[in-house]
There are 2 protein chains.
Amino acid sequence: MSAEDQARHAQKMSQIKAARDRMMAGKTGEKGLLIVHTGPGKGKSSSGFGMIMRCIGHGMPCAVVQFIKGSRDTGERRLLETHFPDLCQFHAMGEGFTWETQDKRGDIAAAEAAWARAQELIRDPGIRMVLLDEINIAFRYGYLDPKAVIGFLAAEKPPMTHVVLTGRNAPSELIEAADLVSEIAVVKHPFRDGIKAQPGVEF
Amino acid sequence: MSAEDQARHAQKMSQIKAARDRMMAGKTGEKGLLIVHTGPGKGKSSSGFGMIMRCIGHGMPCAVVQFIKGSRDTGERRLLETHFPDLCQFHAMGEGFTWETQDKRGDIAAAEAAWARAQELIRDPGIRMVLLDEINIAFRYGYLDPKAVIGFLAAEKPPMTHVVLTGRNAPSELIEAADLVSEIAVVKHPFRDGIKAQPGVEF
């Protein structure tokens, strides 16, 4: 690289930095966010757990409620229950996927119990982030009413608490109410090639 | 819900379960995956860290190389360095974003050093997952050649090692070579509303 190229690069980056600094200077607000990860692609729950990991690293008390997954011995569950039981409450309250249980009344009761637990956790102002993992599946099957959940969050979530809701098919009312929404598309998935769910990747 | 509704639900779920069981029965393969999280939306790095957390929960040795982020005191870094230094090597080798450094030669040297470290980690068959965080940014700026990286992975990655590559603008050759690709779109982002990056959520 010539000295001229290097100088041109430095000037261009200097302009980008100035523009970015101006943009970021306007971003001074802090608030507890409603965060939604939805769409058919892989990465919704794992991104939620990545944020939980960040909270733990900062010493911020946090909590996880799993609405659908429940019985499985996952890596995230082992890590949280073994190492951080005081900093991160973990409640696996799903009975498994609905096609496993084949019991709609039981599924509804499990979703309602999970939501009751979630409400307690969200009301606690000492808890800084609550991950409601796969709650969108409970909305999708009609086990929970999104309007009731959104109404509760608007009325009772402490202003600085982050609530993360995951699962495909997020209801439109939830997307409307949220502060941050990511939609994850599948470009490629190895299930299509006969590869099974593997530890570390899917659970 | 009437007994008839309950029976209809059970039958429908039973059919879904049978179809799903047939589908999953064909998925018996296991392999180390090339996983790419790309796109402009939030959740690429956090999803990578969620998978690292799963590995740690299962006791699978793993490693992280950060290509762009580097100097910042993040939650993920604190957690990994404080609690799991033996199970998960953490190398923050980026010098910061390129518009911060304004030094193309320095950025190229940092990217090359990070890739040299990544090659050592990937070659080690005891390490089960390697997260190459924000490596796509290094491709995008021309600091690393995607063909050289893909060639190395094809030739030298142990068959059971998972490698996760994150960052927006993944090069097309990488998408072609990968087993699992998720593309994350922004539906809403609170930066647009003047909210700054917050601990637990972005770092």
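Residues numbered from 1 in each chain as written. Chains lettered and ligands numbered in written order. Predicted model: local features only at pLDDT ≥ 70, side-chain atom pairs only at ≥ 80, totals over all residues. Heavy atoms only, no water.

Side note on the overall build of chain A
Formally: Strands are runs of DSSP state E lasting at least 2 residues, helices are runs of H or I lasting at least 4, and numbering of each runs from the N terminus. Exposure is judged per residue with a 1.4 Å probe applied to protein chains only, and the accessible area is read against the type maximum: over 50% gives exposed, under 20% gives buried, and values in between give partly exposed. Only heavy atoms matter for contacts: two residues are in contact if any of them lie within 4.5 Å across the pair. Reported accessibility uses the Shrake-Rupley method at a 1.4 Å probe radius. Residues are deemed covered only where the shown protein chains occlude them. Charge assignment: positive for Lys and Arg, negative for Asp and Glu; neither His nor the chain ends contribute. A single reference atom marks each charge: NZ on Lys, CZ on Arg, CG on Asp, CD on Glu.
What chain A contains, in helices and strands, is eight helices and six strands. Its helices and strands in sequence order give chain A the pattern α-β-α-β-α-β-α-α-β-α-α-β-α-β, from N to C terminus. For chain A, the C-alpha atoms occupy an extent of roughly 70 × 45 × 35 Å along the three principal directions. Counting over 203 residues, chain A shows a buried share of 54%. At a minimum sequence separation of 6, the contacts of chain A that also span at least 24 residues come to 81%. Carbon and sulfur atoms provide 49% of the accessible area of chain A, an area that totals close to 8,400 Å². Charge centroids of chain A, computed over 26 positive and 25 negative side chains, lie 6 Å from each other.

Observations concerning the relation of the copies chain B and chain A
Heads up, the rule is: Alignment of the copies relies on least squares applied to C-alpha atoms, considering only residues that score at least 70 for pLDDT in both.
Of the two same-sequence chains, chain B is brought onto chain A (RMSD 0.0 Å, axial shift 0.0 Å) by a rotation of 180°. In symmetry terms, the pair is related by a two-fold rotation axis. The share of interface residues of chain B whose copies in chain A are also at the interface is 100%, consistent with both copies meeting through the same surface.

Quick word on the pairing of strand β2 (residues 62–66) of chain A
Two faces make up the sheet, and in a regular strand the side chains alternate between them. Residues and elements named next belong to chain A. What counts is decided by this rule: Paired strands are those between which DSSP finds at least two bridges.
Of all five residues in β2, five are buried, a share of seventy percent or more. Residue alternation in β2 divides its side chains into two sets, C62, V64 and Q66 and A63 and V65, and both sets are buried. Sheet topology places β2 next to strand β4 (residues 129–133); five bridges connect them, and they run parallel. Looking at β4, one finds that V64 is bridged to L131.

Describing the interface of chain B and chain A
When the parts of a complex come together, some accessible area is lost, and that lost area is often taken as the interface size. Basically, it comes down to this: The term buried area means the drop in 1.4 Å probe accessible area that two parts suffer when joined, counted for both and summed. When a carboxyl oxygen of Asp or Glu lies within 4 Å of a side-chain nitrogen of Lys or Arg, that pair is called a salt bridge. In the analysis that follows, any N or O atom pair within 3.5 Å is treated as a polar contact, provided that within protein one partner can donate a hydrogen and the other can accept it, and provided that, for residues neighboring in sequence, both atoms belong to side chains. Under the grouping applied here, Gly and all other residues not named as nonpolar or charged are polar, the nonpolar ones being Ala, Val, Leu, Ile, Met, Phe, Trp, Tyr, Cys and Pro and the charged ones Asp, Glu, Lys and Arg.
The partner chain A presents 85 residues to the 85 residues of chain B that form the contact. Summing both sides of the interface, chain B and chain A together bury roughly 7,400 Å²; the carbon and sulfur share of this comes to 62%. At the junction of chain B with chain A, the criterion picks out two salt bridges. For the pair chain B and chain A, the number of links is 34 residue pairs in polar contact (both at pLDDT 80 or more). Contributing elements (two or more residues each) for the side of chain B that touches chain A: α1 (3–25), β1 (34–38), α2 (44–57), α3 (75–83), α4 (98–101), α5 (104–123), α8 (172–177) and β6 (180–188) of chain B. Classifying every residue of the side of chain B that touches chain A by side-chain character gives 36 nonpolar, 27 polar and 22 charged. Alignment of strand β6 (residues 180–188) of chain A against β6 of chain B, held across seven bridges, turns out to be antiparallel. Looking at β6 of chain B, one finds that S182 of chain A is bridged to V186 of chain B.

A look at unusual backbone geometry
Residue and element names in this part refer to chain B. The backbone phi angle of E134 is positive, close to 70°, even though this residue is not glycine. Position of E134 among the secondary structure elements: in the loop between β4 (129–133) and α6 (135–140). Assessed through its relative accessible area of 10%, E134 is described here as buried.

Description of the environment of R128 of chain B
All names here are of chain B. Tracing the backbone shows R128 in the loop between α5 and β4. According to the relative accessible area criterion, R128 is partly exposed, its value standing at 31%. Along the chain, R128 and D5 lie 123 residues apart, while their C-alpha atoms are 47 Å from each other. Discounting chain neighbours no more than four positions away, the residues touching R128 are M60, P61, M160, T161 and H162.

Considerations on the sheet that holds strand β3 (residues 88–92) of chain B
The condition that has to hold: Fitted lines through C-alpha atoms give the axes, limited to the stretch in contact for helices. The angle between two N-to-C directions lies from 0 to 180 degrees.
Taken in spatial order, the twelve strands of this open sheet run β3(A)-β2(A)-β4(A)-β5(A)-β1(A)-β6(A)-β6(B)-β1(B)-β5(B)-β4(B)-β2(B)-β3(B), and their pairing is mixed. Looking at the sheet topology across the chains shown, the edges are occupied by β3 (88–92) of chain A together with β3 of chain B. Averaged over all adjacent pairs, the angle separating strand axes in this sheet is 15°, with direction ignored. Each of β2 and β3 of chain A touches helix α3 (residues 75–83) of chain A; the most contacted strand, β3 of chain A, lies at about 140° to it. Here α5 of chain B sits on the sheet and contacts β2 (62–66), β3, β4 and β5 (162–166) of chain B; the angle it forms with β4 of chain B, its principal contact strand, is near 165°.

A few points about the domain arrangement of chain A
Test applied: Domain delimitation follows an automatic or database domain assignment.
Domains assigned within chain A are domain 1 (1–29) and domain 2 (31–193). Placing the centre of domain 1 of chain A and that of domain 2 of chain A at their C-alpha centroids yields a distance of 38 Å.

Let's talk about α1 of chain B
Just so we agree on the cut-off: The span you would expect from a helix comes to 1.5 Å times its residue count less one.
For α1 of chain B, with 23 residues, the first-to-last C-alpha span of 32 Å sits near the 33 Å given by 1.5 Å per residue. Looking only at α1 of chain B, the buried set comprises Q6, H9 and M13 of chain B.

A short note on the pattern of salt bridges
Going through the model one piece at a time under the given rule, you end up with 20 salt bridges over all chains. Residues D5 of chain A and R8 of chain A are paired through a salt bridge, measuring 2.6 Å at the closest nitrogen-oxygen approach. Of this pair, D5 of chain A and R8 of chain A both sit in helix α1 (residues 3–25), three residues apart, roughly one helical turn. Judged by its relative accessible area of 32%, D5 of chain A is partly exposed. Salt-bridge contacts for E81 of chain B lead to R77 of chain B; the nearest nitrogen and oxygen are separated by 3.4 Å. Taken together, the positions of E81 of chain B and R77 of chain B, both in helix α3 and four residues apart, correspond to about one turn of that helix. Residue class for E81 of chain B comes out partly exposed when judged on its relative accessible area of 41%. Judged by its relative accessible area of 21%, R77 of chain B falls in the partly exposed class. The structure contains a network of salt bridges with shared partners spanning E4, D5 and R8 of chain A.

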